[in-house]
Amino acid sequence: MDMNEIKEIFFQECEEQLAELESGLLKLNDGDRDPETVNAVFRAVHSIKGGAGAFGLDDLVSFAHVFETTLDCVRSNRLDPGPEVLKVMLKSADVLADLTNAARDGGSVDEARSRQLIKELEALANGEVPQASAAPAETVAKPVAAVAPPPVNDEGFQPVAFSFDDFDAAEEPPLMEMPTYEIVFKPKSDLYAKGNEATLLLRDLSRLGEMSIHCDMGALPTLDRLSPESAYFFWKISLKTDKGEDAIRTVFEFAEWDCDLEISLVEDEATQSGEELPMQPVPFDLSILDDEPAVSVGVVAEEEQLASQQQDRDAAVSAAGTASNVLQMAQSAARAPAEKAAPAASAAAQSAAAQQAAASAATPTIRVDLDRVDRLINLVGELVINQAMLSQSVVENDTNGTSSINMGLEELQQLTREIQDSVMAIRAQPVKPVFQRMSRIVREIADMTGKSVRLITEGENTEVDKTVIDKLAEPLTHMIRNAVDHGLETPEKRLAAGKSAEGTVRLTAKHRSGRIVIELADDGAGINREKVRQKAIDNDLIAADANLSDEEIDNLIFHAGFSTADKISDISGRGVGMDVVKRSIQALGGRINISSKPGHGSVFTMSLPLTLAVLDGMVVTVANQTLVVPLTAIVETLQPEAAAIHSFGSNQRLISIRNSFCPLVDVGRILNFRAIQANPVEGVALLVESEGGGQRALMVDAIQGQRQVVIKSLEANYTHVPGIAAATILGDGRVALILDVDAIVAASRGHSLKPEMSLAAVG
């Protein structure tokens, strides 16, 4: 493995650490004060700094060091993570991500912003409260009235005010010299094998205080016995610091298993010289020495035990040369009975802690190149097709259906399905990384617009195919910008409307009917339909006398070049955002709906397939054409009876299903496979459910069976066909078209079947 590969692994780990950092800061921002959350945030920055130092990324190391120092103040309870503090830290996390990306891709960052945040972080580390939450200046310093000196009598005696209460006051602690630690650092060969560098650890250690180092080379062998993979040097270090032993061990946190580390606190000169410390009043309970354990044996045993206790007391008193030693011995004596009485409880606590640690241990993972997974997906797809072809060939040549070949094919089909499910699970990833990126977008747009916005995410662990996740970022970014800029009002308008000054944007993901549904909701003013309609008329998108429903008016915002912004800004006004959203969602085989209530906000709902590779479908025949209907859209199948068919209007028909009526849609007529409608009694009805369109009964001529098919893009290999989502290859080698159920349902409601309104709905 060369250095470039190691560096790439480092940047992959940085992405994970940055995600952990963002998640932890957001938890703290929501009021979580769990010490483990603070430690996780600190470890993320510390890990990035350590790896960056190994590759000489000085800008990243410098910023991470200041950030880490401030986080250490939070970890040691010297800095309260209030809203203003976390605001600075969230911005610092964004800059840390920018520096990481710049180091990987060779770009640049805003140096002025970095310097400003470094100053703010250093101010926080020094205990300076941000201006927004600082105490008023007039409360800091108040004028003190001058005190008149006491009078002096004829003998020159000047009375001195004295109060016995002063004895109870705490004395000012004397100025003490910083503690000195003696450190012995002996690296093992594993430390260097894992890419660590001793000099970098020593450099980080030197930042804790005044340090002197001695390198011991006594173990260095002669040249003929020298092994390049062994470690021969070790260092003796003297460090003066007020950070404490924990800070020293933190430096070696990721190398403690690969080295021998000894840390000892050097006692002061008085203790070293044996000089007795001045006597201090020490609270001491003499009754501790008088406690006698219960005796359950005879008089002889009791006398022996008392004699033994008397010897222990004499030894304890003689060993305690100073009051501090007496206190220490007394406290040890007080703890001894409790320690002896609770060995079982201690063992149980250790067992519970071990179980908790085992439960919280991370699942071992490996990193695999995505191209390898894609090749595996393609091979599984071909396996599914060949298995279907083999099954169909055997069925056509074996009429009894009970041969051992058929039984073997059924097992092959089951194994193929399990392989396909397992491979698809490899590509499935939670949407959490995409959702976390949106937090930064919200913060930036809120700062630019002067609005107070809170982002709430739900369902972050909902899994979907990686290809879908990779293409979600762009549409979500435009939708977030639109929600904050257009949807939410300014704090003044919100307060005037009886709302809180802080607006809320809620991002939710969940599984529904074999698809993933992502909702983006805001509690803003909703869509101003009068303004949208007038803007559409001005842009010649609709006629002035057009009669449009609320849904149709809402969907006007998806037209290219459409914008309700009064002026063009860095955020909006060019009319490209929502158009990009619609095209991106359609390219993923999904659809988007809008629900808006004036004065209460809007909800954008995206429905996407879980995967773009395979689907379970029902193979049907329509006018001698073979089609595949996604199984997730089908509620039930039924054979229509003449008494259940009712005419409605000039050419509409309804079917009665359990005392309710459902529109009957002839798929062959909608797709122009035939000129006239077929007789429903001679076909089969598929009761389907679509997004926003309710239930419809799709009429087909016959059902061939249920199969798992591999999705092939029709648009990439041919062109877009209205009403058709994709294509697949059947077992006999023929190409079958996958039906776009939502486009068919929309066409049955009176909409024309055009490419721009036909939304792909595979899965």
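Thresholds, definitions, all that
Residues numbered from 1 in each chain as written. Predicted model: local features only at pLDDT ≥ 70, side-chain atom pairs only at ≥ 80, totals over all residues. Heavy atoms only, no water. Pairing = 2+ DSSP bridges. Helix = DSSP H or I, 4+ residues; strand = E, 2+ residues; numbered from the N terminus. Axes fitted to C-alpha atoms, helices over the stretch in contact; angles between N-to-C directions. Parallel < 35°, antiparallel > 145°, perpendicular 65-115°, else oblique. Contact = heavy atoms within 4.5 Å. Nonpolar A, V, L, I, M, F, W, Y, C, P; charged D, E, K, R; others polar. Patch = residues over 30% accessible without salt bridge, like charges linked within 9 Å, V, L, I, M, F, W, Y side chains within 5 Å. Areas by Shrake-Rupley, 256 points an atom, 1.4 Å probe, with all protein chains shown as cover. Salt bridge = Lys/Arg side-chain N within 4 Å of Asp/Glu carboxyl O. Buried < 20%, exposed > 50% of the residue type's maximum accessible area, 1.4 Å probe, protein only. Core = buried A, V, L, I, M, F, W, Y, C linked by side-chain atoms within 4.5 Å. Phe/Tyr/Trp six-rings, centres within 6.5 Å; stacked < 30°, edge-to-face > 60°. Lys NZ or Arg CZ within 6 Å of the ring centre and 35° of its normal.

**Student:** Got a sec to walk through the sheet that holds strand E20 (residues 702-710)? Specific residues and values, please.
**Tutor:** Read from one edge of the open sheet, 5 strands run E20-E12-E13-E22-E21, paired in mixed fashion. The open sheet has two edge strands, E20 and strand E21 (724-729), and neither has a second partner. On average, each strand axis in the sheet is tilted by 35° relative to the strand beside it, whichever way the strands run. As paired elements, strand E13 (residues 625-630) and strand E22 (residues 735-739) share 2 bridges and run parallel to each other. Its bridge partner being in E22, Leu627 is matched across the sheet by Leu737.

**Student:** Quick rundown of the pairing of E22? Include the residues and the values.
**Tutor:** In the sheet, E21 pairs with E22 via 5 bridges, with the strands oriented antiparallel. Note that in E22 the partner of Ile724 across the bridge is Leu739. Counted along the chain from E21 to the antiparallel partner E22, the turn is 5 residues long, and its residue Gly733 has a positive phi close to 90°.

**Student:** Explain the packing of helix H1 (residues 3-29) against helix H4 (residues 83-105) residue by residue, including any values.
**Tutor:** At a minimum axis distance of 10 Å, the contact between H1 and H4 shows a crossing angle of 170°. For the element pair H1 / H4, the angle class is roughly antiparallel. Contacts between H1 and H4 involve Phe11, Cys14, Glu15, Leu18, Leu21, Glu22, Leu25, Leu26, Leu28 and Asn29 from the former and Leu86, Met89, Leu90, Ala93, Asp94, Leu96, Ala97, Thr100, Ala103 and Arg104 from the latter. Its residues assigned to classes, the contact of H1 with H4 comprises 14 nonpolar, 2 polar and 4 charged.

**Student:** Give a description of a nonpolar patch on the surface that names residues and reports values.
**Tutor:** On the surface, Met217, Leu220, Leu223, Leu226 and Phe233 cluster together to form a nonpolar patch covering roughly 490 Å² of accessible area. Note on Leu226: relative accessible area 38%, which makes it partly exposed.

**Student:** Go over the nonpolar core, please, and point to the residues and values.
**Tutor:** Judged by nonpolar contacts, the single largest core of 45 residues is most densely connected at Ile480 and Ile518. Element by element, the count of residues in this core is highest for helix H16 (residues 432-449), at 7 residues. Once residues within four sequence positions are removed from consideration, Ile480 is found in contact with Met438, Ile441, Val442, Leu455, Val505 and Leu520. Listed in part, the 38 residues of the second largest apolar core include Leu28, Val45, Cys73 and Leu117.

**Student:** Outline the packing of aromatic side chains, listing residues and values.
**Tutor:** This structure, assessed with the given rule, holds 5 aromatic pairs. Note on Phe185 and Trp235: the rings are 5.9 Å apart at their centroids and 25° apart in plane angle, and the pair reads as stacked. Highlighted residues: Phe185 in strand E1 (residues 180-187) and Trp235 in strand E3 (residues 234-240), separated in sequence by 50 residues. For Phe185, a relative accessible area of 0% corresponds to the buried category. Residues Phe185 and Phe252 carry aromatic rings whose centres are separated by 5.0 Å and whose planes lie at 55° to one another, so their mutual orientation is tilted. Highlighted residues: Phe185 in strand E1 and Phe252 in the loop between helix H8 (245-251) and strand E4 (259-266), separated in sequence by 67 residues. A single burial state applies to Phe185 and to Phe252, both of which are buried. Members of the aromatic cluster, joined through ring pairs, are Phe10, Phe11 and Phe55. Between the NZ or CZ atom of Arg75 and the centre of the ring of Phe42, over which it lies, the distance is 3.8 Å. Just above the ring of Phe234 sits the side chain of Lys186; from NZ or CZ to the centre is 4.9 Å.

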